[in-house]
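Understanding the architecture of this molecule
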Amino acid sequence: MADFSAIILAGGLGKRMESKISKVLTRLGDQPLIKKTYQNIENLYPKQIIIVANPKNAKNIQKLLPGAEIAIQKEAKGTLDAAVCGLKKVNKDTSEVGIFYGDDTAFYKSTTINKVFNLHLSSKANITFVTLEKEDPSGLGRIVRNNGQLAGIIEEKDATNFQKEIKEVNNGIYFFEKNWIRNNAKKIRPSKITGELYLTDLIGLALKNKVGVQTYKLKDSNEWHGINTPGELEEARRKLARIHFMGIAGSGAAAVAAIAKDYGYTVDGCDIDPDSAYSANLSHIKVTRGHSKAHVKGISKLVISPSVLKLDPDNPEIHEAQKLKIPQETWQEFQGKELQKDKYVISVAGAYGKSTTTAMIAQILIDASFDPTCEIGATVISWGKNYRVGKSIYYICEADEYNNNFLNYQSDLAVVLNLGWDHPDFFKSESELVDSYQQFINNIKPGGNLIIESSQKEKFTFKNINVNNITDFEEVDISLIGNFRKENAKAALTVAKLFGIDTKVAKKSIKNFKGLFRRLEFKGEVEGVRIYDDYAVQPYTIKTTANALKEKYKNQKVALVLEPHTHSRIKFFFDDFVTSLQKTNVDSIYITDIYAAREQNNNSQLALKLASEVGSKAKYVGSLERAAKVLKKELHNFGVILSMGAGRTYKFWDILNSS
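Residues numbered from 1 in each chain as written. Predicted model: local features only at pLDDT ≥ 70, side-chain atom pairs only at ≥ 80, totals over all residues. Heavy atoms only, no water.

Points about the sheet that holds strand E26 (residues 558-562)
Strand order across the open sheet formed by 6 strands is E24-E25-E29-E26-E27-E28, with mixed pairing between neighbours. Both outer strands of the open sheet, strand E24 (521-526) and strand E28 (618-622), are each paired with one neighbouring strand and no more. This sheet shows a mean twist of 25° between the axes of neighbouring strands, independent of strand direction. Across 5 bridges, the pairing between strand E25 (residues 529-534) and strand E29 (residues 640-644) is parallel. Of the residues in E29, the one forming a bridge with Tyr532 is Leu642. With respect to the sheet, helix H17 (residues 539-552) is in contact with E25, E26 and E29, its orientation differing from that of E29 by roughly 165°. (Pairing = 2+ DSSP bridges. Helix = DSSP H or I, 4+ residues; strand = E, 2+ residues; numbered from the N terminus. Axes fitted to C-alpha atoms, helices over the stretch in contact; angles between N-to-C directions. Contact = heavy atoms within 4.5 Å.)

Spelled out as structure tokens, the structure:
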């Protein structure tokens, strides 16, 4: 048992919060603030816990915490007046008193509070209180020190310009020697401005009388969160909401998890194989290998990769979350509902070109000082990751049509690049695909903008939005391989035009754009042979991308290592794949086993058939590792090798290098 009595100040009326209920009754996650604060202190087993309430919220607090000892502050006369109300109920044999703000203390670890109390005892101070460094201390009292020694606390309105630059502020945990606070509280005079009595004035009194005052500097600033406005309340909700991501290592989930972490959410996750191409996103997030129902213990929300729902709907984490009535969302739903809330949303849709176009738009807006947050399906070379967190209202994301994922976004500005029919396991016909795009367009906010190819407009109806054609800008200079990327650049430049960005400035951003990993990405050389890697999976993009690389290296032999992606895609569009591969200008094609992704089937049979139908320049090679062994022996035949696919192909360069 900790040898102190705890007084929790919970008498606020909620006026500054523009709320009808007291601030401490506001729910954050699964519990009201006051309950979280109470539990944090209860974990220390103090001699007693007294909650100072106002006449309006006392009954509600009593319902939440049956058996809790309540003291009533009849009028809102300040924090010191509230503390005195609580002091009247403190046991006679108690020598030390802890005073805690009912909202702020919800974020503290019980172990931290215990450290503060132990410092208070060991220093034999009459007062010990917590301070922290805050990058933006606006609105808070500053800690004034002389040669490192505490000299006082000064309110911002009374601070000099020099004092306003101080980053150290006080917050809501205090320990007092009981008799000292009881004897000195009556010496404090009400504020001339508000008429209230303030707890912090006791610190000034103690320093004036040279009575021992000790400070504990908080190491982790996330343990404190001042809540005085609706905006700060929203930030607090994020901080206390623990989000668990299943399948966190995928491109979209990894980006969204990282953005959520930077937005202030408490985030962790798991994946069967967490060592993905997007692991760099997760360096500041706890990630566990494999799945377990223990992962959902204490979480506020389970965010799931759609592939998990498809492949493993009976996963124990999903069942445990259902049992505990924990909300579940896909990462696309979470992005739309939470991360894009109150943002100006720019979304980019289309069967191909989404990642490059989204990244180009991002680069233009960054260079034009719009400072957007971005979620992109591939790693941006200049960022080293596939997300960016900005401080503005602008939020740019890819809008994936598969599984109708893009219907989770309410766009202010939407871009539709093309209507290529893909994902036959979901879209059974082209008309189904067009219907989904119509719903996506219908989700654009009233008065918002759609950018689309003029030839595609006749397929849709439009209501309460502005429809803009992708503009045919002249002389678009790009550093990327392939003239087809100019189509992506034109869409990005059309966005810039709508934003009023000078076209010359926007074109400069496009010219300087370095591209994405896995989009004709140069990996390096092996024995003088240049190795490129690309993500393409569709007949059209495979042919177009491979031919662009061959065009660059006209006088050299080019080999294509293709890892077909999903059985349903290859089977449904089989003839298209055969024709496209036959029309590629590469010199040899090595076809590996199919990467099944969310499907289950024989991975070699259909790949073998594809190689056979393509003809003499195609060869079935089995696994990716087997492909690397074969190519290693035949390197002398080629000047360039292109690995292509959306599965494990990104590892081909490493496998080839080490074989």
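What follows continues from the structure just given.
Focus on the side chain of Glu317
Structurally, Glu317 can be placed in helix H11 (residues 316-323). Among buried charged residues, Glu317 stands out as having no salt bridge; its nearest opposite-charge side chain is Arg242, 8.4 Å away. Reaching out from Glu317, the side chain makes a polar contact with the backbone nitrogen of Ser292 at a distance of 3.0 Å. Once residues lying within four places of it in the same chain are set aside, the contact partners of Glu317 are His244, Met246, Cys270, Gly290, His291, Ser292, Lys293, His295, Val296 and Leu302. (Buried < 20%, exposed > 50% of the residue type's maximum accessible area, 1.4 Å probe, protein only. Lys, Arg positive; Asp, Glu negative; His and termini not counted. Salt bridge = Lys/Arg side-chain N within 4 Å of Asp/Glu carboxyl O. Polar contact = N/O pair within 3.5 Å; in protein donor to acceptor, adjacent residues only side chain to side chain.)

Describing the packing of aromatic side chains
If you walk through the whole model with that rule in mind, you get 22 aromatic pairs. Centroid distance Phe370 to Tyr394: 5.4 Å. Interplanar angle 80°. Geometry classified as edge-to-face. With a gap of 24 residues between them, Phe370 in the loop between helix H13 (354-367) and strand E18 (373-380) and Tyr394 in strand E20 (residues 394-399) connect regions that are remote in the sequence. Overall, the relative accessible area of 19% leaves Phe370 in the buried class. (Phe/Tyr/Trp six-rings, centres within 6.5 Å; stacked < 30°, edge-to-face > 60°.)

With respect to the pairing of E25
Buried residues dominate E25, accounting for 5 of its 6 residues. Bridge analysis of E24 against E25 gives 5 bridges, and the strand direction is antiparallel. Residue pairing for E25: Phe522 is matched across the bridge by Tyr532.

Focus: the side chain of Thr358
With respect to the helices, strands and loops of the structure, Thr358 is situated in helix H13. Apart from residues no more than four positions distant in its own chain, Thr358 is found in contact with Val348, Glu375, Ile376, Ile396, Cys397 and Glu398.

Some remarks on the nonpolar core
Grouped together as the largest cluster of nonpolar side chains are 44 residues, with contacts concentrated most on Phe245, Tyr265, Phe334 and Leu339. Elements supplying a minimum of two residues to this core: strand E12 (242-246), helix H9 (251-263), helix H12 (331-339), E20, strand E21 (413-416), helix H14 (430-442) and strand E22 (449-452). For this core, the element with the highest residue contribution is H9, accounting for 9 residues. Other than its neighbours up to four places away in sequence, Phe245 contacts Ala253, Val256, Ala257, Val267, Asp268, Gly269, Cys270, Val303, Trp331 and Phe334. Counting residues in each nonpolar core, the second largest holds 37 residues, with Ile364, Ala378, Ile501 and Ile510 among its members. (Core = buried A, V, L, I, M, F, W, Y, C linked by side-chain atoms within 4.5 Å.)

Here we look at helix H19 (residues 574-583)
Burial in H19 covers these residues: Phe574, Phe577, Val578, Ser580 and Leu581. In this structure, the buried residues of H19 make contact with H17, E26, helix H18 (567-572), strand E27 (588-592) and helix H20 (605-614).

A few points about the sheet that holds strand E16 (residues 328-330)
Across the sheet, 5 strands lie side by side as E14-E13-E12-E15-E16; this open sheet has parallel pairing. In this open sheet, the two edge strands, each paired with only one partner strand, are strand E14 (286-289) and E16. On average, adjacent strands in this sheet sit at an angle of 25° to one another, irrespective of strand direction. Helix-sheet contacts for H11 involve E12, strand E13 (266-271), strand E15 (301-304) and E16, and the interaxial angle to E15 is about 145°.

Quick look at H9
When the terminal C-alpha atoms of H9 are compared, their 18 Å separation across 13 residues agrees well with the 18 Å that a helix rising 1.5 Å per residue should span. Summarising burial for H9: 10 of the 13 residues are buried, a large majority. The first or second residue beyond H9 is Gly264, which carries a positive phi of 115°. (Expected span 1.5 Å × (residues − 1).)

Some thoughts on the packing of H19 against H20
The N-to-C vectors of H19 and H20 enclose an angle of 45°; their axes lie 9 Å apart at closest approach. Accordingly, the angle class assigned to the pair H19 and H20 is oblique. Between H19 and H20 lies a crossing whose hand is right-handed. Here Phe574, Phe577, Val578, Leu581 and Gln582 of H19 come into contact with H20, specifically with Leu606, Lys609, Leu610, Glu613 and Val614. Its residues placed into classes, the contact of H19 with H20 shows 7 nonpolar, 1 polar and 2 charged. (Parallel < 35°, antiparallel > 145°, perpendicular 65-115°, else oblique. Left-handed = near helix turned anticlockwise from the far one by under 90°. Nonpolar A, V, L, I, M, F, W, Y, C, P; charged D, E, K, R; others polar.)

Here we look at the environment of Thr330
Tracing the backbone through its elements, the reader meets Thr330 in strand E16. Other than its neighbours up to four places away in sequence, Thr330 contacts Val303, Ile304, Pro306, Leu309 and Asn408.

Structural notes on the pattern of salt bridges
Going through the model one piece at a time under the given rule, you end up with 26 salt bridges. Ionic pairing is found between Arg518 and Asp533, a salt bridge with its closest N-O pair at 2.5 Å. In this pair, Arg518 sits in the loop between helix H16 (503-512) and E24 while Asp533 sits in strand E25, placing the two residues 15 residues apart along the sequence. Overall, the relative accessible area of 2% leaves Asp533 in the buried class. One salt bridge in this structure joins Lys523 and Glu521, with 3.6 Å as the shortest N-O distance. A residue is classified by how much of its surface remains accessible, and Lys523, at 27% relative accessible area, is partly exposed.

So yeah, pure geometry; function would need other evidence.
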